[in-house]
Amino acid sequence: MSEPTPGPRRVGQLIWAPHEVTAGLGSQVQPQVSRGRRALQTGLAAFVLTWPPTFVILTAATFAAPSLTDDAGVGRVALWALLIAVLFAITAAVSTLWSRPDRDGEEPTSLVVTLRVVRGALLTGVGAGAVLAWQGLSVRQAATLALILALVLRVLPVVVARTLRRRHDRPAESPAVPSP
């Protein structure tokens, strides 16, 4: 028996290709970025995305609770934020070099996301605490500021992003239509 022929298509009707076909085309069209370049881009992005919020958080802590920062000036707080951002940029670049590439198209499970957030928060807290303690703050002061930084830099963005994604993915509720 012969295969049935597909029905006539209207002009402008889209036909979706399987994922394997689009991935193959994408790899042919898009140039592959080397690991070194990807690590450099990741480190630069980590620095740019870390320094301003860290500076704002430490400056706000200086004004809100001067005892947390030993009445540090804005220049000293900027130096702390710079050191923390450089440490995080180096960490991000090195971890990019050592990491395995993510599987395309697979959504990580909630457990994987939670473990990544916890690991990131711990690394952020330890790194920021070490930098702040190295700069002369007491362990209590450094730990308090490190906890705030870990929550704001690591936990809060993931919570906001997941909440917005769930809200976006939720099907729109249609208004109730009375039945005749």
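Details of the structure are given in the entry above.
Residues numbered from 1 in each chain as written. Predicted model: local features only at pLDDT ≥ 70, side-chain atom pairs only at ≥ 80, totals over all residues. Heavy atoms only, no water.

Trainee: Before we go on, may I ask you to explain the overall build of the chain in this structure?
Mentor: Across its full length, the chain holds five helices and zero strands. Residues counted as buried form 24% of the 180 residues belonging to the chain. For the chain, long-range pairs separated by at least 24 residues make up 76% of all intrachain contacts whose partners lie at least 6 apart in sequence. (Helix = DSSP H or I, 4+ residues; strand = E, 2+ residues; numbered from the N terminus. Buried < 20%, exposed > 50% of the residue type's maximum accessible area, 1.4 Å probe, protein only. Contact = heavy atoms within 4.5 Å.)

Trainee: Explanation requested: the nonpolar core in the structure shown.
Mentor: If you look at the biggest cluster of nonpolar residues, it comprises 19 residues, and the most contacted ones within it are Leu58, Trp80, Ile84, Ala128, Leu132, Leu145 and Leu149. Contributing elements (two or more residues each) for this core: helix 2 (35–64), helix 3 (74–98), helix 4 (110–134) and helix 5 (139–169). The residues contacting Trp80, other than those within four sequence positions of it, are Leu58, Thr69, Ala72, Val131, Leu132, Gln135 and Leu137. (Core = buried A, V, L, I, M, F, W, Y, C linked by side-chain atoms within 4.5 Å.)

Trainee: Looking at this model, I keep getting lost on unusual backbone geometry. Mind explaining?
Mentor: Phi is mostly negative for residues that are not glycine, and the peptide bonds are mostly trans. One non-glycine residue with positive phi stands out, namely Asp70, at about 55°. Relative to the helices and strands, Asp70 is located in the loop between helix 2 and helix 3. We classify Asp70 as partly exposed; its relative accessible area is 41%. Even without being a glycine, Asp71 presents a positive backbone phi close to 55°. Mapping Asp71 onto the fold places it in the loop between helix 2 and helix 3. According to the relative accessible area criterion, Asp71 is exposed, its value standing at 57%.

Trainee: How should the pattern of salt bridges be read in this particular structure?
Mentor: Any two side chains of opposite charge can pair, given that their charged atoms come close. Throughout the structure, instances matching the rule amount to one salt bridge. Arg165 serves as the salt-bridge partner of Asp169, at 3.4 Å between the closest nitrogen and oxygen. A residue pair is termed a helical-turn pair when its members lie 3 or 4 positions apart in one helix, as Asp169 and Arg165 do in helix 5 at four residues. (Salt bridge = Lys/Arg side-chain N within 4 Å of Asp/Glu carboxyl O.)

Trainee: I tried to follow the packing of helix 4 against helix 5 on my own but got confused; where do I start?
Mentor: When two helices pack together, their arrangement is captured by the angle between the axes and the distance separating the axes. The N-to-C vectors of helix 4 and helix 5 enclose an angle of 155°; their axes lie 7 Å apart at closest approach. Comparing their axes, helix 5 and helix 4 come out roughly antiparallel. Read as a crossing pair, helix 4 and helix 5 show a hand that is right-handed. The residues of helix 5 that touch helix 4, namely those facing Ser110, Val113, Val117, Gly120, Ala121, Thr124, Gly125, Ala128, Gly129, Leu132 and Ala133, are Ala142, Leu145, Ala146, Leu149, Ala150, Leu153, Arg154, Val155, Val158, Arg162 and Arg166. In the contact of helix 4 with helix 5, the residues fall into 14 nonpolar, five polar and three charged. (Axes fitted to C-alpha atoms, helices over the stretch in contact; angles between N-to-C directions. Parallel < 35°, antiparallel > 145°, perpendicular 65-115°, else oblique. Left-handed = near helix turned anticlockwise from the far one by under 90°. Nonpolar A, V, L, I, M, F, W, Y, C, P; charged D, E, K, R; others polar.)

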